[in-house]
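# Residue-level structure breakdown
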Amino acid sequence: MNTRTSTFSPALRLLSRVAAAVFGGYALASAAAVFLAAVLPAGPAEAALGGMQFSFAIYTVAVIWAFAPVSLPRAWAGLLLPAVVLAGLGLALRGAGGGA
Amino acid sequence: MSTKATKVPSQGGFRQAQAWLHTWCGLWFSWLLFAVFLTGTLAVFDEPITHWMTPEHHAEEAAAAAKKEKGEPTGDRAQRLAWGMAYMAEHHPGASMWELWPSDAQGGGELRVFWFDANRQYAGVALDPATGKLLTEEGGHAARATLGGHHFVDFHYELHAGTVGLWIVGIAAMAMLVALVSGVITHKRIFKDFFTFRPKKGQRSWLDAHNAVAVLTLPFQFMIAYTGLVISGTTFMPASKVLHYGTGPSAQVRFVSELGDSDKPAATGRAMPVPVLESFAARGQERMGQPVRAVVIDHPGDAGARIGVYGWNGDDESARRLSATTGMVQFSAATGEVQRVRLPGAADGGAAMLAQSAMSGLHMVTFGGWPMKWLYFLCGLAGTAMMGSGAVLFIVKRRQKHLGEFGGATARVYRLIEALNVAAIAGLAIACVGYLWANRLVPVGIGHRADRELQVFFALWALALVHAFVRQPARAWREQLGALAALCLLLPVLNFVTTGDHLLAQLLRSDWESLGVELGVVAFGLAALGALRHLRRKVAR
């Protein structure tokens, strides 16, 4: 994409992309599960279960995204930013809704 | 290591990047996924396999069936429940839960009792349904100890390695979802490809075969990977549970009880004998509309005791419902009041619990009867073929044209992949049928016998791996396929020599389970023979 990316070796950049897919994707899937657990219209146990059930679909899409032809910083940001937002919303809404 | 394998095409199109992901994610997980799929496919028929592996029980099973037909007198349900209670009161008065299984759906069969012992471990024994006395192992013919077909069930989701194995298989299932999605994206002409098969064209044929089995069974493959993940989902993805309940064993207990059993009473500390159970069983049966399978007493001997009556699903009911839950009626032991009714097929909680139950039923094919089991078996074989053909395709492509992905080490990495292909595909199949051979050859009275059978399974697999590294790939394929064909085709002979049973006898006594297992193994043997002949012809050309 630009010459600056080549300051790291291809192996390191691949490692970073795999890490983005595995750990960034897991973080996003977990955050989505937390968000869903807070907003799904059910008791806490049911909502937590429902969030988990959807999370694997989100994880899959996240891994696909990590291997989209975009620069590494964008790949990471595209996973971690939504993860932070969803997790934050989930925690805030749980507090507001008086969850457990 | 500036090599091609490490170059994700970051400037090419989306499709190229996905093709890279599909190739490498698919390759590194294909061996493990092949094993999970082959054993998972065999697990569909775990009960017939167990039946074949316990020949000592065949006579007992036939005798029990004859007894039932003649209607030999055994205790009725009221009597059986009373015997179960008497046993528990004498031997396990302090247990926090008693569970009595009085009879089968027709009112006959075994009488079993279970309880939580002092260490919160679940335990149980069988009582004589004619006398209520504890059944001891009958002398004379000792039955062989074996895991039977359950070996394949256990291996396919946790590799006989507990939580570690569960995680490894879970990661592989996630990789499979990724490989499926990236594979679909990679395929420009998914439907055109589906109608294309160019046999005997080397690499093209492998690609066509890989595409055909994958596309044809794509919905099944997605379903089986996804439901497999969700069944153990709270282990893999605990964040949403942790959000509400925190971590630790007490959090898990609270989560589970709120999910399915939010109104479980606490013990009061005041003593109260357990009332006569038959009246609860009769009322429960009427409310849920199913014969009684089990009567469960929480806090027996306490004034807060609760009595749960559970039903049997009939065959036609199981065939029609995805969710395999049975009916259930809970009573207060003190007042006899009905506290909760669950109708057959309903879930204990709400929509998420029902989804969980349906996904579990979908994965374990508890619905649809034998035709559905056969469909799962065929789709499972297609999935197995998808993994195997993908792994072979990778290396066939590179035999034509060295791609040099690993720089100077490429030749060695290719050699490693070739060997792993042989051991993962032919070697695992040898281990599976070798497990059946072990069942007939390991002496019946030996200690830890079930473990010995497992050791044969793993030893054969390890041996196949060593063999695949020692021999040249083409030779390794031929020799292992030859061994596989011989082991499969000779299994009926082995069975005849060791037990005296044979296909014709099985047919005459309508033992479809034994017959199906042996004919199935023979079919695998013929397939291996076909593959072997194909390889020989290729060498001759």
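All values reported here derive from a predicted model rather than from experimental measurement. (Residues numbered from 1 in each chain as written. Chains lettered and ligands numbered in written order. Predicted model: local features only at pLDDT ≥ 70, side-chain atom pairs only at ≥ 80, totals over all residues. Heavy atoms only, no water.)

## Things to note about the overall build of chain B
Operational definition: Put simply, DSSP marks the helices as runs of H or I at least four residues long and the strands as runs of E at least two long, and each gets a number from the N terminus on. To sort residues, take the accessible area from a 1.4 Å probe on protein chains only and compare it with the maximum for the residue type: under 20% means buried, over 50% means exposed, and anything in between is partly exposed. Note on contacts: a residue pair is in contact if any heavy atoms of the two residues lie within 4.5 Å.
Helices and strands together make up the secondary structure of chain B, namely 22 helices and seven strands. Seen through its C-alpha atoms, chain B measures out along the principal axes to roughly 80 × 60 × 40 Å. Counting all 541 residues of chain B, 48% fall into the buried class. The contacts in chain B between residues at least 6 apart in sequence include a share of 67% that link residues at least 24 apart.

## Considerations on the overall build of chain A
As a reminder of what qualifies: All accessibility values rest on the Shrake-Rupley procedure with a 1.4 Å probe; residue burial counts only the protein chains present in the view.
Of regular secondary structure, chain A possesses three helices and zero strands. Shown N-terminal to C-terminal, the secondary structure of chain A runs as helices and strands in the order α-α-α. Relative to its 100 residues, chain A shows a buried fraction of 42%. Surface accessibility of chain A: about 4700 Å² in total, with carbon and sulfur atoms responsible for 76%.

## Observations regarding the pairing of strand S7 (residues 338-342) of chain B
The side chains of a regular strand alternate, first on one face of the sheet and then on the other. Residue and element names in this part refer to chain B. The test is simple: Any two strands between which DSSP finds at least two bridges are classified as paired.
Relative to S7, strand S6 (residues 328-332) runs antiparallel, the two sharing four bridges. Following the sheet pairing, Met 328 is matched in S7 by Arg 342. Linking two consecutive strands that pair antiparallel, namely S6 and S7, is a turn of five residues; a positive phi of about 80 degrees is found at Gly 336 within it.

## Observations regarding the packing of aromatic side chains
All names here are of chain B. The criterion, for reference: A pair of aromatic rings is counted whenever rings of Phe, Tyr or Trp (Trp by its six-membered ring) have centres within 6.5 Å, and the orientation is called stacked for planes under 30 degrees apart, edge-to-face for over 60 and tilted otherwise.
Across all of its chains, the model carries 27 aromatic pairs over all chains by this definition. The interplanar angle of 80 degrees and the centroid separation of 6.4 Å between the aromatic rings of Tyr 435 and Phe 457 together place this pair among those described as edge-to-face. With a gap of 22 residues between them, Tyr 435 in helix H17 (residues 410-441) and Phe 457 in helix H18 (residues 449-470) connect regions that are remote in the sequence. Both residues of the pair, Tyr 435 and Phe 457, belong to the buried class.

## Some remarks on the side chain of B:Arg321
Residues and elements named next belong to chain B. Put simply, the rule reads: Pairing of N or O atoms within 3.5 Å defines a polar contact, subject to two protein rules: one partner must be a possible hydrogen donor and the other a possible acceptor, and residues neighboring in sequence count only if both atoms are side-chain atoms.
Examined against the element boundaries, Arg 321 turns out to sit in the loop between helix H14 (315-320) and S6. When its relative accessible area of 19% is taken as the criterion, Arg 321 is described as buried. At a separation of 2.9 Å, a polar atom in the side chain of Arg 321 contacts the side chain of Asn 313. Beyond its immediate sequence surroundings of up to four residues, Arg 321 is in contact with Gln 290, Asn 313, Pro 344, Gly 345 and Phe 367.

## Considerations on the interface of chain A and chain B
The cut-off we apply is this: Buried surface area refers to the total accessible area, computed with a probe of radius 1.4 Å, that the two partners give up upon joining, counted for both partners together. All residues other than Ala, Val, Leu, Ile, Met, Phe, Trp, Tyr, Cys, Pro, Asp, Glu, Lys and Arg, Gly among them, are scored as polar; the first ten of these are nonpolar and the last four charged.
With 35 residues of chain A at the interface, the matching set in chain B holds 46 residues. For the pair chain A and chain B, the summed buried area comes to about 3400 Å², and 73% of that belongs to carbon and sulfur atoms. On the chain A side of the contact with chain B, A:Gln53, A:Phe56 and A:Ile64 bury the most area, a combined 19% of that side's loss. At the junction of chain A and chain B, the tally comes to 13 residue pairs in polar contact (both at pLDDT 80 or more). At the level of elements, helix H1 (10-39), helix H2 (44-66) and helix H3 (72-97) of chain A are the ones that each hand at least two residues to the side of chain A that touches chain B. Looking at the side of chain A that touches chain B element by element, the count peaks at 17 residues for H2(A). Residues belonging to the side of chain A that touches chain B are distributed by class as follows: 25 nonpolar, seven polar and three charged.

## Description of the pattern of salt bridges
Proximity of charged atoms lets side chains of opposite charge pair with each other. Residues and elements named next belong to chain B. As a reminder, the rule being used: When a carboxyl oxygen of Asp or Glu lies within 4 Å of a side-chain nitrogen of Lys or Arg, that pair is called a salt bridge.
Enumeration according to the criterion identifies 11 salt bridges over all chains in this entry. Arg 471 serves as the salt-bridge partner of Glu 479, at 2.6 Å between the closest nitrogen and oxygen. Look at the salt bridges and you will find they share partners, linking Arg 471, Arg 475 and Glu 479 into a network.

## Description of the packing of helix H4 (residues 77-91) of chain B against helix H13 (residues 278-288) of chain B
A pair of packed helices can be characterised by two numbers: the angle between their axes and the separation between those axes. Residue and element names in this part refer to chain B. Using the following cut-off: Simply put, an axis is a line fit to the C-alpha atoms, just over the touching stretch for a helix, and the angle between two N-to-C directions goes from 0 to 180 degrees. An angle below 35 degrees is read as roughly parallel, one above 145 as roughly antiparallel, one from 65 to 115 as roughly perpendicular, and any other as oblique. When the near helix sits turned anticlockwise from the far one by under a right angle, the crossing is termed left-handed; a clockwise turn instead gives a right-handed crossing.
Packing of H4 against H13 leaves a shortest axis separation of 9 Å and a crossing angle of 130 degrees. Judged by the inter-axis angle, H4 sits oblique to H13. In this structure, the crossing between H4 and H13 has a hand that is right-handed. In this structure, H4 uses Arg 77, Ala 78 and Leu 81 to contact H13, whose residues at the interface are Glu 278, Ala 281, Ala 282 and Gln 285. In terms of residue class, the contact of H4 with H13 is made up of four nonpolar, one polar and two charged.

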